[in-house]
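Read off the chains here:
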Amino acid sequence: MSVPRTFASPEEADFFARVEQIADEELAPRAATGEESASYPAGLVRMLGALGVFRLPFPECRGGAGRSYEFYVQVVERLAAGWLAVAESAHVHVLACHAVSTFASDEVRDALLARMLGGELLGATCMSEPDAGSDLTSVRTRAERQNGQYLVTGTKSWVTHGGFADIYSVYCRTGGPGPGGISCLLVDAGTPGLLPGPPERKMGVRALPTAEVRFDGVRVSDTRMLGRRNRGMLVAASTFDHGRLGISACAVGIAQAALDHACRYARDSPPSDASGFSSQGISFLLADMAAQVAAARALLLSVARMKDQGLAFSAEAAKCKLFTTNVAMRVTTDAVQVLGDTGYRCDQPVERLLREAKLLQIIEGTNQIQRIAIARSL
Ligand SMILES: Cc1cc2nc3c(=O)[nH]c(=O)nc-3n(C[C@H](O)[C@H](O)[C@H](O)COP(=O)(O)OP(=O)(O)OC[C@H]3O[C@@H](n4cnc5c(N)ncnc54)[C@H](O)[C@@H]3O)c2cc1C
């Protein structure tokens, strides 16, 4: 279904048309087999880098394309409608770029950012630990300072791109307990003692690798710190705010894809009992799905515009993540319902979209954690 959109310039419209073509012709046809084989589509992600997707929301003075977040989230949305694993991989990488662009020293930024924005180097973020998921302030991975270096020891869990990334942003304890003792260090993949485990076996988004990563006495120069010592939670908070918009874009994308599949199915294969009642039952379901997707997209774009205007958008991003991912869960569930038994088959995209929607309610802060953030802001 074509979605009405406005762009700031003809160049943006052209870029978006190319993204649509990639989503429809390169991503969507590969999604089912890619998820079945759980193989990371590195080539497709690199192709997005070469196209300039990662550069979009970064300022031109830092090698970015200087596009608005309003534009960037629409690109992520459209890619997610093709294949979530690829869109989320791009989004996770852009978050890693955001941390380097905003918090690295000039020297480290100059050495890394251009190659990250071009897709030559892939980034990963290591916050979660086996005993620190929602409550990041209980991070136990330690970084001890010794002669201008940090010695990092601990285990990070659920690292997206774990084993595939070139650079890991690692949140570690450099001070006392609580949020004021955490710092963020950039660690290169080849550093001795950095030991990724095998990819987790997941309910969905299997083609995007997620792994435990052990840090066994990993040495990192103290110049590789993002932000200030013991102020890593500021880096985390900024990453979360931007991350919530990226996840919301993914949610709108898969909800739209589920709606499109359901509409096509309802048009081409009407229910066997095609009485007025059953067809109105289906069409009202579709109408509600369409209204929810439109509302989710409108909220996403309004929060992206707040960010573009330099306004505080943290609580709004939490509302957006909560709302859009819940919409994705409802709409994908209803899409399976529209298809009936056919929707339950594994060769139907709606079944995959439903499993993908569940993930979005969990990552980048679960939806319970979003509610806590929203309630605090009230
Ligand atoms: C596929 C995938 C990819 C991921 N990628 C990354 C990554 O790249 N980097 C990374 O660092 N992490 C990543 N994560 C981890 C993710 O961020 C965490 O799973 C998430 O933060 C939740 O933490 P948890 O799973 O430990 O849940 P827990 O914190 O153990 O929470 C369990 C349940 O309790 C609820 N809960 C917890 N605290 C509260 C509270 N105070 N009030 C109300 N309810 C509460 C939660 O909402 C949840 O429902 C990924 C996870 C998955 C599944």
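Residues numbered from 1 in each chain as written. Predicted model: local features only at pLDDT ≥ 70, side-chain atom pairs only at ≥ 80, totals over all residues.

A. Spatial organisation of the overall build of the protein chain. Helix and strand content of the protein chain: 10 helices and eight strands. The C-alpha radius of gyration computed for the protein chain amounts to 21 Å, which stays within 12% of the reference 21 Å derived for 378 residues, consistent with globular compactness. Taking the principal axes of its C-alpha atoms as reference, the protein chain extends roughly 80 × 45 × 40 Å. Of all 378 residues assigned to the protein chain, the portion counted as buried reaches 49%. Across the protein chain, every contact between residues at least 6 apart in sequence was considered, and the portion connecting residues at least 24 apart equals 74%. (Helix = DSSP H or I, 4+ residues; strand = E, 2+ residues; numbered from the N terminus. Rg over C-alpha atoms; globule rule 2.2 N^0.38 Å. Buried ≥ 20, exposed ≤ 12 C-beta atoms within 10 Å, placed from the backbone. Contact = placed C-beta atoms within 7 Å.)

B. Structural detail: the site of the ligand. Taken together, 20 residues form the shell around the ligand, and within it Met127, Gly133, Ser134, Thr160 and Thr366 come nearest. Of all the secondary-structure elements, those providing two or more residues to the shell around the ligand are strand 1 (123–126), strand 3 (149–160) and helix 10 (367–377). Looking at the shell around the ligand residue by residue, the class counts come to 10 nonpolar, nine polar and one charged. Of the residues that make up the shell around the ligand, three or more belong to each of domain 2 (123–231) and domain 3 (234–377). (Near = placed C-beta within 6 Å. Nonpolar A, V, L, I, M, F, W, Y, C, P; charged D, E, K, R; others polar. Domains from an automatic or database assignment.)

C. Spatial organisation of unusual backbone geometry. Even without being glycine, His161 reaches a positive phi, approximately 80°. Within the secondary structure, His161 is located in the loop between strand 3 and strand 4 (167–173). Among the residues examined, His161 registers 27 C-beta atoms within 10 Å and is labelled buried. Even without a glycine there, the phi angle at Val205 is positive, about 50°. Looking at where Val205 falls in the secondary structure, it is placed in the loop between strand 6 (194–199) and strand 7 (210–221). By the C-beta count within 10 Å, which is 24 here, Val205 ends up buried.

D. Structural context of the pairing of strand 3. As paired elements, strand 2 (residues 142–146) and strand 3 share five bridges and run antiparallel to each other. Bridging across to strand 3, Glu144 finds its partner in Leu151. Here strand 2 folds back onto strand 3, and the loop between the two strands holds two residues, one of which, Asn147, carries a positive phi near 50°. Bridge count between strand 3 and strand 7: 10 bridges; the pairing is antiparallel. Within strand 7, the position partnered with Val152 by the bridge is Val218. (Pairing = 2+ DSSP bridges.)

E. Representation of the packing of helix 8 (residues 314–339) against helix 9 (residues 349–360). Between helix 8 and helix 9, the shortest axis-to-axis distance is 8 Å and the interhelical angle comes to 160°. The orientation of helix 8 with respect to helix 9, classified from their angle, is roughly antiparallel. As helix 8 packs across helix 9, the resulting crossing turns out to be left-handed. Together, Thr325, Ala328, Met329, Thr332, Thr333, Ala335, Val336 and Leu339 of helix 8 and Val350, Glu351, Leu353, Leu354, Ala357, Lys358 and Leu360 of helix 9 make up the contact between the two elements. (Axes fitted to C-alpha atoms, helices over the stretch in contact; angles between N-to-C directions. Parallel < 35°, antiparallel > 145°, perpendicular 65-115°, else oblique. Left-handed = near helix turned anticlockwise from the far one by under 90°.)

F. Representation of the packing of helix 6 (residues 232–268) against helix 8. Interaxial distance between helix 6 and helix 8 falls to 8 Å at its minimum, and their mutual angle equals 20°. As summarised for this structure, helix 6 and helix 8 are arranged roughly parallel, according to the angle between their axes. The element helix 6 and its partner helix 8 pack so that their crossing is left-handed. Here the contact of helix 6 with helix 8 is composed, by residue class, of 20 nonpolar, six polar and three charged.

G. Representation of helix 2 (residues 42–51) within the structure. What helix 2 keeps buried is the set Leu44, Val45, Leu48 and Gly49. Taken end-on, helix 2 shows its buried residues confined to a sector of 150°, consistent with a single buried face. Set apart from the buried face of helix 2 by more than 90 degrees, the exposed residues are Gly43 and Ala50. Here the buried face of helix 2 lies against helix 1 (10–37) and helix 4 (84–103). Positive phi appears at Gly52, one or two residues downstream of helix 2, with a value of about 105°. (Arc of directions from axis to C-beta.)

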